[in-house]
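Residues per chain, in single letters:
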Amino acid sequence: MITFFFVRDCRHKYRFFSSEPPKPLPAKFSKTKQIWEVAKKKLMLLPQKTLRQEQAFSRALKLQDPTLRIVYSGFSEEKRINLRFHLFLSGHRTKRLFLLIGEALVLPFAGLAMFLPGPNIAFYALALMMITHWQSLQGIRRILKKGHDFDSSPVIAEWEDAVKAGNEQAFPAILEKMAREYNLENIQKVLWK
């Protein structure tokens, strides 16, 4: 079962990400699949905060469990964190919807760049972002429909205490402890730098 995290970062903004590690790519692809994989690798250049959140939203599409396990600090009671989580998801759903509308309006202009010599990078990048945002929007809708099991974590509570106090000297040790306990890769890039 995949564990999801709903944690404040060093800027006091909530981040949503999953514990699932990146999977290795299969060895052989068709030509179309190779182009798609190269495009996805280019997308991996996004900041880790954005990339991990987009991946967590899109991973929700593949889940068969009726409830999601979401780990949080435990400072708020479950009813309040459930409301905050729903508001967080609703805000991101609205944001994705506006992004998709904006990208759909810009797409014809990016398509006109096909008359220029060379590959139409603007069109391909925009199309990839639209697909990513669509998958993310569908994942958010799926998460909103599922049940949520909120589990409190003392390590995440320690992290949020350090963030609240502004104690940056404690950040590396706490993040290392969180990475060990939950097997999270590059957690410092998601929550801190």
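Here, every reference points to the structure presented above.
Calculation notes
Residues numbered from 1 in each chain as written. Predicted model: local features only at pLDDT ≥ 70, side-chain atom pairs only at ≥ 80, totals over all residues. Heavy atoms only, no water. Salt bridge = Lys/Arg side-chain N within 4 Å of Asp/Glu carboxyl O. Buried < 20%, exposed > 50% of the residue type's maximum accessible area, 1.4 Å probe, protein only. Helix = DSSP H or I, 4+ residues; strand = E, 2+ residues; numbered from the N terminus. Expected span 1.5 Å × (residues − 1). Contact = heavy atoms within 4.5 Å.

Draft legend 1. Broad picture of the pattern of salt bridges. In total, this model carries six salt bridges according to the counting rule given. The salt bridge involving Arg15 is made with Asp9; its shortest N-O contact spans 3.0 Å. Summarising the burial analysis for this pair, Arg15 and Asp9 share the class buried. Across the pair Glu176 and Arg180 runs a salt bridge whose closest N-O atoms are separated by 3.9 Å. Separated by four residues within a single helix, Glu176 and Arg180 lie in helix α6 (residues 171-182), roughly one turn from each other. Judged by relative accessible area, Glu176 falls into the partly exposed class, the value being 44%. With relative accessibility at 58%, the residue Arg180 sits in the exposed group. Shared partners join several salt bridges into a network, and the residues in it are Asp9, Arg15 and Lys49.

Draft legend 2. Region of interest: helix α5 (residues 154-165). Here α5 spans 16 Å end to end across twelve residues, near enough to the 16 Å set by a 1.5 Å rise per residue. Among the residues making up α5, those that are buried are Val155, Ile156, Ala157, Trp159, Glu160, Ala162 and Val163. Close packing links the buried residues of α5 with β1 (3-8), β3 (67-72), α6 and α7 (187-191). Two residues or fewer after α5 comes Gly166, characterised by a positive phi angle close to 75 degrees.

The values are spatial; any link to function lies outside them.
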